[in-house]
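Examination of the molecular architecture
Listed below, chain by chain, are the residues.
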Amino acid sequence: MIQFLPPDAIERRSFEIILEEMGDRAKLIPADQLPLFQRVIHTSADFDYLDNLFVSPDAVSSGRRALSSGATVVTDTNMAKSGISSHAMNLLGCKVVCRMADPDVAREAKERGVTRAVVSMERAARETPEAIFAIGNAPTALVELCRLVQAGQVRPALLIGVPVGFVNVVESKEMAKALDVPRIIAMGRKGGSNVAAAIVNALAYGLTR
C-alpha cells in the first residue's frame, strides 16, 4: 500500500526501515559510524555496504573535526560536488572543490598523457594537503592520491575512497586501505559519486542537525 507522507517524514521513515532491516547487525557497528552506513544504504538501497564499507577507527572523529574547522572537501567529479549539501557546508564554513573540469587541468593532462584525475589530485595536494578527499568515480584519482600520501606530499584529514567500476577499482581501494591516514573505503567494485557525497553528508549532518 502506498504511504502518503509529508516531505520531512519520508527520509525519517526510510532510515527507520534501514535500521529495521539491519537487524542485530546494527548493534555491531560503532555508534559514531552507524549514520555513515545508514546514509550510504539510503542513497544506494544496497545492504552489501554492511560488509563492504571499511571505516578506520579515527575516520569519523577526524572527518568531523576537519569539517568543524572549515576544511576544504576535494571531489573527483562535479556529480559528487553537487551531491554534497551546500547548506551544511555553508553552516560549517567549508568549501567543496572539483578541478576535473578546469580547462588548464585538461590541457596539462593532455600534454603529459595522463588523466585529468591525476592532475587534479596533484593540484589539490599542493593547494589543500590536509583536505577531505572524496573519490567516488576515478580509480586513477585514488591511485594518485595514495602515491602522494606515500610520498609525504599530502596528509588528508580524511580519505573517502569509493570509486565504482571494473578497471583498477579493487586494486586502488586495497592501496588506500593500507594507508596510515583516516579513511573510509568501499571495498570491491561498488561505490560511486553518490556514495562519496552521502558519506560527507553523514559526517556534516552529525554536526549541523
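Residues numbered from 1 in each chain as written. Predicted model: local features only at pLDDT ≥ 70, side-chain atom pairs only at ≥ 80, totals over all residues. Heavy atoms only, no water.

1. Digging into the sheet that holds strand β2 (residues 72–75)
Taken together, the six strands give an open sheet; going across it, the order is β1-β6-β5-β4-β2-β3, and neighbouring strands pair in mixed fashion. Because the sheet does not close on itself, it has two edges, and the strands there are β1 (53–55) and β3 (95–98). Geometrically, the sheet is characterised by an average inter-axis angle of 15 degrees between neighbouring strands, direction not taken into account. In terms of strand pairing, strand β4 (residues 132–135) meets strand β5 (residues 158–161) through four bridges, oriented parallel. In the strand pairing of β5, Phe133 is matched with Leu159. Sheet contacts for helix α11 (residues 193–208): β1, β2, β4, β5 and β6 (183–186); angle to β5, the most-contacted strand, approximately 145 degrees. (Pairing = 2+ DSSP bridges. Helix = DSSP H or I, 4+ residues; strand = E, 2+ residues; numbered from the N terminus. Axes fitted to C-alpha atoms, helices over the stretch in contact; angles between N-to-C directions. Contact = heavy atoms within 4.5 Å.)

2. Digging into helix α8 (residues 116–127)
The terminal C-alpha atoms of α8, which comprises 12 residues, lie 16 Å apart, in line with the 16 Å expected from a rise of 1.5 Å per residue. By the criterion of burial, α8 is predominantly enclosed, with nine of the 12 residues buried. Of the residues making up α8, those classed as buried are Ala117, Val118, Val119, Ser120, Met121, Glu122, Arg123, Ala124 and Ala125. (Expected span 1.5 Å × (residues − 1). Buried < 20%, exposed > 50% of the residue type's maximum accessible area, 1.4 Å probe, protein only.)

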